[in-house]
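Single-letter residue listing:
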Amino acid sequence: MSLRTLRTAAGKAFALLAAGLVVIVLALAVVVPKLGGATSYTILTGSMRPHMPPGTLVVVKPVNPDQIRVGDVLTYQIESGKKAVATHRVERVNLTFDGKYTFIMKGDANQVADLSPVRPEQIKGKRWYAVAYLAYPSLLVGGDIREVVVMGAVVVLLGYALFSFGGAARDFRTSRRTKVDVVDRELEEVGS
């Protein structure tokens, strides 16, 4: 096997690995959450260490307040109606006499619970699954441009994967044509 053949095979293997990685990331971060009616978020701070360090992709599904239990991990608005969210564990569930819930939240790495109780309208969802470090690249940019950068990276990776598959398909067709040409020539030589 020549060095050129080895480099070509290594390049194809790398392209397939990159394409597979793109498919897995897209599935975990975009497709599965959308199909499951969930939303994905990125853990930005160390408050949920060690199990959910900064850069963890956490996917949450909507949940009814009466289904929330102590120990559940929720993503919620820090201030009602504001965009900023936090993901912490339920430390205590309170139910008032008039049937209204509030939740006392606490980050796993925090020494004390959050100051303000969380009301049901603040809750974005309950953790469905989390993948440590999958969203780490999104920590490298600020909040407003994070979405643009992440989507840009997805488009670039997807484009690279498509380009790689196109090259592999072209190489496959070329090798098939070469084999057919060799067989045709051999048949012509036998027939002569």
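In case you missed it, the structure is sitting above this.
In short, a report on the structure. (Residues numbered from 1 in each chain as written. Predicted model: local features only at pLDDT ≥ 70, side-chain atom pairs only at ≥ 80, totals over all residues. Heavy atoms only, no water.)

### Things to note about the pattern of salt bridges
Evaluated as defined, the whole model comprises three salt bridges. Among the salt bridges present, the one from Asp108 reaches Arg89, with a minimum N-O distance of 2.8 Å. Highlighted residues: Asp108 in the loop between strand E5 (101–106) and strand E6 (123–131) and Arg89 in strand E4 (residues 85–95), separated in sequence by 19 residues. Under the relative-accessibility criterion, Asp108 is labelled partly exposed at 28%. Overall, the relative accessible area of 24% leaves Arg89 in the partly exposed class. Where Glu121 meets Arg119, a salt bridge forms, and the shortest distance between an N and an O atom there is 2.7 Å. (Salt bridge = Lys/Arg side-chain N within 4 Å of Asp/Glu carboxyl O. Helix = DSSP H or I, 4+ residues; strand = E, 2+ residues; numbered from the N terminus. Buried < 20%, exposed > 50% of the residue type's maximum accessible area, 1.4 Å probe, protein only.)

### Topic: the environment of Ala135
Within the secondary structure, Ala135 sits in the loop between E6 and helix H2 (143–191). Along the chain, Ala135 and Val25 lie 110 residues apart, while their C-alpha atoms are 9.2 Å from each other. Not counting the four nearest positions on each side in its chain, Ala135 is found in contact with Thr42, Gly55, Thr56 and Leu57. (Contact = heavy atoms within 4.5 Å.)

### Looking at the nonpolar core
With 10 residues, the main nonpolar core is built from Val63, Ile68, Leu74, Tyr76, Ala86, Val90, Phe103, Met105, Val118 and Ile123. Among the elements of the structure, strand E3 (73–77), E4 and E5 are those that each provide at least two residues to this core. Ignoring sequence-local partners within four residues, the contact set of Val118 consists of Tyr76, Thr102, Phe103, Met105 and Ile123. (Core = buried A, V, L, I, M, F, W, Y, C linked by side-chain atoms within 4.5 Å.)

### What to know about the layout of surface pockets
Each pocket or cavity is described by its volume, and for the second largest pocket that value is around 210 Å³. Lining the second largest pocket are Thr8, Gly11, Lys12, Ala15, Leu16, Tyr160, Phe163, Ser164, Gly167, Ala168, Arg170 and Asp171. Ranked by residue count, the leading element in the lining of the second largest pocket is H2, at seven residues. In terms of residue class, the lining of the second largest pocket is built from five nonpolar, four polar and three charged. (1 Å grid on protein atoms, 1.4 Å probe; cavity = no way out; pocket = protein on both sides within 12 Å on 5 of 7 lines; lining within 4 Å. Points joined across faces, edges and corners; volume = space filled by probe spheres on them. Nonpolar A, V, L, I, M, F, W, Y, C, P; charged D, E, K, R; others polar.)

### Overview of the side chain of Thr56
Here Thr56 shows up in the loop between strand E1 (39–42) and strand E2 (57–61). Of note is the side chain of Thr56, whose polar atom sits 2.6 Å from the backbone oxygen of Pro53. Apart from residues no more than four positions distant in its own chain, Thr56 is found in contact with Tyr41, Thr42, Ile43, Ala130, Val131, Ala132, Tyr133 and Ala135. (Polar contact = N/O pair within 3.5 Å; in protein donor to acceptor, adjacent residues only side chain to side chain.)

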